[in-house]
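Report on the structure
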Amino acid sequence: MTSAEGISGMDSTVAAAAGDSSRPWQTLSSGFERARSREDSLDRLVEWPAQRALLGDVTGLTILDAGCGNGAKIAQLADEGAAASVGVDISGGFIAPPAGVELIEGDLSDLAAVPGLAGRRFDRILFLQSFGYAADGVEALRTAREMLTEDGFILLTRTQPVRYAIERAEENGTSLGEEYFATESFDYKHRNWNDHVTLTKKPYTMSGLLNTFSAAGLWIETAVEPQMPADAAERYPHKQAVMNKFLGILMFKLRPIPAP
């Protein structure tokens with residue numbers, strides 16, 4: 001993970017690949033884990049159930065979670081039957097890993113350089129809201145693609161880019177279109193995690209994100225925009241209001257493009 005500062009003026013494909021500033025993540029990560037553990041966390045209510053459904057049965061599968069946070073999700077997958085799995089995160093603030101799970105401090109920008117990963121293959125590789133921290137998204141995905149088994153796939157999730165455009169338009173008094181197609185880096189604070197930590201983010205568009213997948217030699221087998229279940233929306237109307245305004249997240253099951 002590296003800073004995205006000083007990379008303005010690039011085309012949409014490269015801009016989508018450029019990573020967010022990640023040095024503050026080592027401070028922000030604990031706030032993220034606290035936020036996702038809350039009863040009304042959108043990760044618990046929407047994201048993780050949808051991610052889990054896309055993964056399907058993991059019995060006997062090897063899994064690499066790139067940007068695993070404290071490792072709780074890869075640990076749950078191990079409890080559900082995944083084998084010889086690994087979580088990688090730059091923060092290093094890990095839980096005690098269960099049997100069959102390795103948690104490694106490392107940079108998801110170059111997974112092949114992470115200690116202990118060279119030459120290994122995985123049935124599933126996860127970028128769960130972590131892809132934006134890659135220094136070069138295309139290269140990160142190319143590396144991940146080469147680490148897949150023959151029938152493996154990448155599960156990647158990203159925040160709907162309209163969300164950031166809406167926030168910036170409200171803050172700057174500009175239009176949605178101006179902010180959605182902007183190319184300049186911007187400062188961003190996760191107010192629900194830790195509003196004392198500022199990240200530098202690079203805007204991205206849907207077309208840029210899709211072009212990044214293609215440039216990395218991947219095709220989209222499935223795309224999902226999960227919504228909150230009706231019972232959860234009734235219990236937590238304030239969270240449904242967030243989903244209604246910001247549209248939630250995007251999830252992609254990505255497979256290597258077959259060789260000619």
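Basis of the calculations
- Residues numbered from 1 in each chain as written.
- Predicted model: local features only at pLDDT ≥ 70, side-chain atom pairs only at ≥ 80, totals over all residues.
- Heavy atoms only, no water.
- Buried < 20%, exposed > 50% of the residue type's maximum accessible area, 1.4 Å probe, protein only.
- Helix = DSSP H or I, 4+ residues; strand = E, 2+ residues; numbered from the N terminus.
- Pairing = 2+ DSSP bridges.
- Core = buried A, V, L, I, M, F, W, Y, C linked by side-chain atoms within 4.5 Å.
- Contact = heavy atoms within 4.5 Å.
- Axes fitted to C-alpha atoms, helices over the stretch in contact; angles between N-to-C directions.
- pLDDT = per-residue confidence, 0-100.
- Phe/Tyr/Trp six-rings, centres within 6.5 Å; stacked < 30°, edge-to-face > 60°.
- Lys NZ or Arg CZ within 6 Å of the ring centre and 35° of its normal.

1. Considerations on the pairing of strand E4 (residues 122-128)
- Where burial is concerned, most of E4 is hidden: seven out of the seven residues are buried.
- Here three bridges tie strand E1 (residues 63-66) to E4, and the two strands are oriented parallel to one another. For Leu-64, the partnering residue across the bridge sits in E4 and is Ile-125.

2. So, the nonpolar core
- Membership of the largest hydrophobic core comes to 29 residues, with the highest contact counts inside it found for Leu-117, Phe-127 and Ile-154.
- For this core, the secondary-structure elements that each account for two or more residues are E1, strand E2 (85-89), E4, helix H5 (137-146), strand E5 (148-159), helix H8 (206-215) and strand E9 (249-256).
- The leading source of residues in this core is H5, at four residues.
- Those residues in contact with Phe-127 that lie beyond four places of it in its chain are Ala-66, Leu-108, Leu-111, Ala-140, Leu-141, Ala-144, Ile-154, Leu-155, Leu-156 and Thr-157.
- Grouped together as the second largest cluster of nonpolar side chains are 20 residues, Ala-50, Ala-82, Leu-103 and Phe-153 included.

3. Quick notes on the sheet that holds E5
- Strand order in this open sheet of seven strands is E3-E2-E1-E4-E5-E9-E8, and the pairing throughout is mixed. Lying at the two open borders of the sheet, with one neighbouring strand each, are strand E3 (101-105) and strand E8 (218-224). Strand-to-strand, the axes of this sheet are offset by a mean angle of 20 degrees, without reference to chain direction.
- By the bridge criterion, three bridges tie E1 to E2 in an arrangement that is parallel. Bridging across to E2, Ala-66 finds its partner in Val-88.
- Packed onto the sheet, H5 meets E4, E5, E8 and E9 and runs at close to 150 degrees relative to E5.
- Seen against the sheet, H8 touches E5, E8 and E9 and runs at an angle of roughly 20 degrees to E9.

4. Description of the confidence of the model for the chain
- Chain-level pLDDT for the chain is 84 on average; 81% of the residues reach the 70-or-more range.
- For residues 1-18, every residue scores under 50 in pLDDT, and the model assigns this stretch 59 contacts once sequence neighbours within four places are set aside.

5. Some points on the packing of aromatic side chains
- This model, assessed by the stated rule, comprises four aromatic pairs.
- Judged by centre distance (4.9 Å) and plane angle (85 degrees), the ring pair of Tyr-180 and Phe-181 falls under edge-to-face.
- Look at Tyr-180 and you get buried, because its relative accessible area is 15%.
- On the numbers, 5.0 Å between centres and 65 degrees between planes, the contact of Phe-213 with Phe-252 is edge-to-face. Highlighted residues: Phe-213 in helix H8 and Phe-252 in strand E9, separated in sequence by 39 residues. A single burial state applies to Phe-213 and to Phe-252, both of which are buried.
- Positioned over the ring face of Tyr-204 is Arg-158, at 3.8 Å from the centre of the ring.
- Taking the ring centre of Phe-153 as reference, the NZ or CZ of Lys-253 above it sits at 4.7 Å.

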